[in-house]
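Inside the fold
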Amino acid sequence: MFTQKHIIDQEINPYVDQWEAEGKFPAHRIFKILGSAGFLGVNKSVEYGGLGLDFSYSVAVSEELGNIRCGGIPMAIGVQTDMATPALARFGSAELKKEFLLPSIMGDKVACLGVSEVGAGSDVSNIMTKAVRKGDEYVINGGKMWTTNGTQADWMCLLANTSDGPSHRNKSLICLPMNLPGVHIARKIDKLGMWSSDTAEVFFDDVHVPCSNIIGQEGMGFTYQMLQFQEERLWAVANVMTTMDNIIQETIEYTRQRKIFKQPVLHHQSVHFRLAELQTEVELLRSLLYHATALYIKGNDVTKLASMAKLKGGRLVREVSDSCLQYWGGMGFTSDVQVSRFYRDSRLMSIGGGADEVMLGIICKYMDTLPKK
């Protein structure tokens, strides 16, 4: 069995530049390699192909994926392992797990998450996609935006309105096969960064899905999705930790050999002091991540801590990428170096999975500092 490092070094990193240029990586091939090695379900049940370990092992996998030389491929893997499948693994029926979870863990199916819409990104309660019950089926109409893995996915974990009740109790999560009549991939979206990850706009036109494809209870989708967000946000933070370490280290090596005014750039106090500050901030964030993870695997609600980590992570990756790029000078403004790719890719972290402002709102809610309505 291959180690994760071997897979990254031999099967992924040699091809990253090509996949970035093409705007897509071969998800089915890479996921099958990762699935066969056991890396797509480390904290999922052994019964469905997982390793049966706790979430801290998923964090460790995410950290190692930070050694991939781009952000798009780790993000796509994270959608498969910790964004589209946690609710299914926790609340789905045995039949659904056999049909969708097992092949996703084994790498035989690619998953995507259908939550965001044109008018509802971080405001999940405002989604408009509807699933209307007709007999023993739901008929789905609407659309999803910014869908990672969307052009290659075999199934979608779809959040849709299944009733006209209050917005926090009228939504359900549904396992939606992407090859059904009425599912249309409208376009592959051009992005600022994450180039090797395909991102789609998807429309649903009278798509018929069995009612048995609902995850857990009808009307509980919003709650399930909020629970999925805990793992998603911690996974995202874990994934950038190694990348930030690598970028800082590569910047140290470059500034040590690049000279300005007859001495290495690194020897200027403003440079080595700044790099020390950045590494300190990275270590502080790592401590918060590990603390939140330790509490989570003991069954605690870590929504506040996960939101804090996500907020700090989104801001710190921008700080690290911007500061380090500056020390690369003109080279940093080219596509020839890793720091410029990280600069592009890292900008998403303060937007995707809940914007910084939403994280602040959640933190304030837990601190009881929000104005009363």
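Predicted, not measured: the structure shown is a model, and the values here were computed from it. (Residues numbered from 1 in each chain as written. Predicted model: local features only at pLDDT ≥ 70, side-chain atom pairs only at ≥ 80, totals over all residues. Heavy atoms only, no water.)

1. Some remarks on the overall build of the chain
Our working definition: We count a stretch as a helix when DSSP gives it H or I for four or more residues in a row; a strand needs E for two or more, and each element gets its number in order from the N terminus. Every radius of gyration here is taken over C-alpha atoms, with the globule rule written as 2.2 Å times N^0.38, N being the number of residues. The buried label applies to any residue whose accessible area, calculated with a 1.4 Å probe on protein chains only, is under 20% of its type's maximum; exposed applies above 50%, and partly exposed to all values in between. The contact rule is simple, with two residues in contact once any of their heavy atoms fall within 4.5 Å. The Shrake-Rupley method, run with a 1.4 Å probe sphere, supplies the accessible areas, and residue values consider only the shown protein chains as cover. Note on charges: Lys and Arg go in the positive column, Asp and Glu in the negative column, and His and the chain ends are not counted at all. Note on charges: their place is set at NZ of Lys, CZ of Arg, CG of Asp or CD of Glu.
Scanning the chain from terminus to terminus reveals 12 helices and 9 strands. Rg of the C-alpha trace for the chain: 21 Å, near the compact-globule value of 21 Å for 373 residues, within the 12% margin. With the C-alpha coordinates aligned to their principal axes, the bounding extent of the chain is approximately 80 × 50 × 35 Å. Out of the 373 residues belonging to the chain, those deemed buried represent 54%. Contacts in the chain between residues far apart in sequence, at least 24 positions, make up 74% of those at least 6 positions apart. Taken as a whole, the chain presents about 16500 Å² of accessible surface, with 55% of it coming from carbon and sulfur. A distance of 4 Å separates the average location of the 38 positive side-chain charges in the chain from that of its 41 negative side-chain charges.

2. Points about the pattern of salt bridges
Test applied: Any carboxyl oxygen of Asp or Glu that lies within 4 Å of a side-chain nitrogen of Lys or Arg is treated as forming a salt bridge with it.
In total, this model carries 18 salt bridges according to the counting rule given. The residue Arg-69 makes a salt bridge to Glu-250 at a minimum N-O spacing of 2.6 Å. Of the two residues, Arg-69 is situated in the loop between α4 (55–65) and α5 (72–82) and Glu-250 in helix α8 (residues 221–257); the sequence distance between them amounts to 181 residues. Beyond isolated ion pairs, a larger network of salt bridges with shared partners links Asp-17, Glu-20, Arg-341 and Arg-344.

3. Notes on the pairing of strand β2 (residues 130–134)
This is how the line gets drawn: One requirement defines pairing of two strands: DSSP has to find at least two bridges between them.
Relative to strand β3 (residues 137–148), β2 runs antiparallel, the two being bridged by 5 bridges. Bridge pairing in β3 places Val-132 opposite Val-139. The loop that links β2 with its antiparallel partner β3 comprises 2 residues; one of these, Gly-135, has a positive phi angle of about 65°.

4. Notes on the environment of Ser-62
Examined against the element boundaries, Ser-62 turns out to sit in helix α4. C-alpha separation for the pair Ser-62 and Ala-236, spaced 174 residues apart in sequence, amounts to 7.7 Å.

5. Remarks on the packing of helix α9 (residues 269–296) against helix α10 (residues 303–327)
The condition that has to hold: Under this scheme, a helix contributes an axis fitted over its contacting stretch, all axes are lines through C-alpha atoms, and angles between N-to-C directions fall in the 0 to 180 degree range. In what follows, roughly perpendicular refers to angles from 65 to 115 degrees, roughly parallel to angles under 35, roughly antiparallel to angles over 145, and oblique to any angle outside these ranges. In this scheme, a crossing is called left-handed if the near helix is turned counterclockwise away from the far one by less than a right angle; it is called right-handed if the turn is clockwise. For this classification, Asp, Glu, Lys and Arg are treated as charged, while Ala, Val, Leu, Ile, Met, Phe, Trp, Tyr, Cys and Pro are nonpolar and the rest, including Gly, are polar.
Where α9 contacts α10, the two axes come as close as 10 Å, and the packing angle between them is 160°. Looking at the two axes, α9 sits roughly antiparallel to α10. Here α9 and α10 pass one another in a crossing that is left-handed. Contacts from Ser-270, Val-271, Arg-274, Leu-275, Leu-278, Glu-281, Val-282, Leu-285, Leu-288, His-291, Ala-292 and Leu-295 in α9 reach Leu-305, Met-308, Ala-309, Lys-312, Gly-313, Leu-316, Glu-319, Val-320, Ser-323, Cys-324 and Tyr-327 in α10. In terms of residue class, the contact of α9 with α10 is made up of 15 nonpolar, 4 polar and 4 charged.

6. A short note on the packing of aromatic side chains
Formally: Centre distance within 6.5 Å is the pairing criterion for rings of Phe, Tyr and Trp, where only the six-membered ring of Trp is used; planes under 30 degrees apart are then read as stacked, over 60 as edge-to-face, and the remainder as tilted. Ring-over charges, as used throughout, are those where CZ of Arg or NZ of Lys falls within 6 Å of the ring centre and within 35 degrees of the ring normal.
According to the stated counting rule, one finds 7 aromatic pairs in the structure shown. Taken together, a centroid distance of 4.1 Å and an interplanar angle of 15° make the contact between Phe-91 and Tyr-224 stacked. Of this pair, Phe-91 sits in helix α6 (residues 86–91) while Tyr-224 sits in helix α8, placing them 133 residues apart in sequence. The rings of Tyr-15, Trp-19, Phe-25 and Phe-31 are connected pair by pair, giving a single aromatic cluster. Sitting over the face of the ring of Phe-229, Arg-233 holds its NZ or CZ atom 4.4 Å from the ring centroid. Lying over the aromatic face of Trp-195, Arg-344 brings its terminal NZ or CZ to 3.8 Å of the ring centre.

7. Section: the state of the cysteines
What counts here: Disulfide: a pair of cysteine sulfur atoms within 2.5 Å of each other.
Tallied over the full model, the rule gives 0 disulfides. The thiol sulfur of Cys-70 is not disulfide-bonded, and the nearest other cysteine sulfur, from Cys-324, lies at 18 Å. Residue classification places Cys-70 among the buried positions, given a relative accessible area of 6%. Looking at Cys-211, it has no disulfide partner, and the nearest cysteine sulfur is the one in Cys-175, 13 Å off. Classification of Cys-211 by relative accessible area gives buried; the value is 12%.

8. Description of the packing of α10 against helix α12 (residues 356–367)
Contact geometry for α10 and α12: axes closest at 9 Å, N-to-C directions at 145°. α10 and α12 meet at a crossing whose hand is left-handed. Contact residues: Thr-303, Lys-304, Ser-307, Met-308, Lys-310, Leu-311, Arg-315 and Arg-318 in α10; Asp-356, Met-359, Leu-360, Ile-362, Ile-363 and Tyr-366 in α12. Its residues assigned to classes, the contact of α10 with α12 shows 7 nonpolar, 2 polar and 5 charged.

9. Some details on the environment of Val-337
Mapped onto the fold, Val-337 is located in the loop between α10 and α11 (338–345). With 12 residues separating them in the primary sequence, Val-337 and Leu-325 have C-alpha atoms 9.5 Å apart. Excluding residues that lie within four positions of it along the chain, Val-337 makes contacts with Trp-328, Met-331 and Gly-332.

10. Observations regarding a nonpolar patch on the surface
What counts, and what does not: Patch criteria: residues need more than 30% relative accessible area and no salt bridge. Like-charged residues are merged within 9 Å; nonpolar side chains of Val, Leu, Ile, Met, Phe, Trp and Tyr are merged within 5 Å.
The grouping of Leu-51, Leu-53 and Tyr-57 at the surface amounts to a nonpolar patch, some 260 Å² of accessible area in total. Inspection of the secondary structure assignment puts Tyr-57 in helix α4. By relative accessible area, which is 43% here, Tyr-57 ends up partly exposed.

11. Some points on the nonpolar core
Our working definition: Only buried Ala, Val, Leu, Ile, Met, Phe, Trp, Tyr and Cys residues count toward a nonpolar core, and they belong to the same one when joined by side-chain atoms within 4.5 Å.
Ile-68, Ile-73 and Phe-204 are the most contacted members of the largest nonpolar core, which totals 67 residues. Looking at this core element by element, the count peaks at 6 residues for strand β4 (residues 155–161). One finds Leu-278, Tyr-296, Val-302 and Trp-328 within the second-largest nonpolar core, a separate group that totals 38 residues.

12. Concerning helix α7 (residues 94–106)
Every α-helical turn comprises 3.6 residues, leaving residues that sit three or four positions apart pointing alike. This is how it is decided: In this analysis the local bend is the angle between axes fitted, respectively, to the seven residues ending at and the seven residues starting at the residue.
If you look at α7, its biggest bend is around 30°, right at Phe-100, and the proline Pro-103 turns up within four residues after that. Listed as buried for α7 are Leu-96, Lys-97, Phe-100, Leu-101, Pro-103, Ser-104 and Ile-105. Buried-residue contacts for α7 involve α3 (27–36), α5, α6, β1 (111–114), β4 and β5 (171–177). After α7 finishes, the residue Gly-107 shows a positive phi value of roughly 85°.

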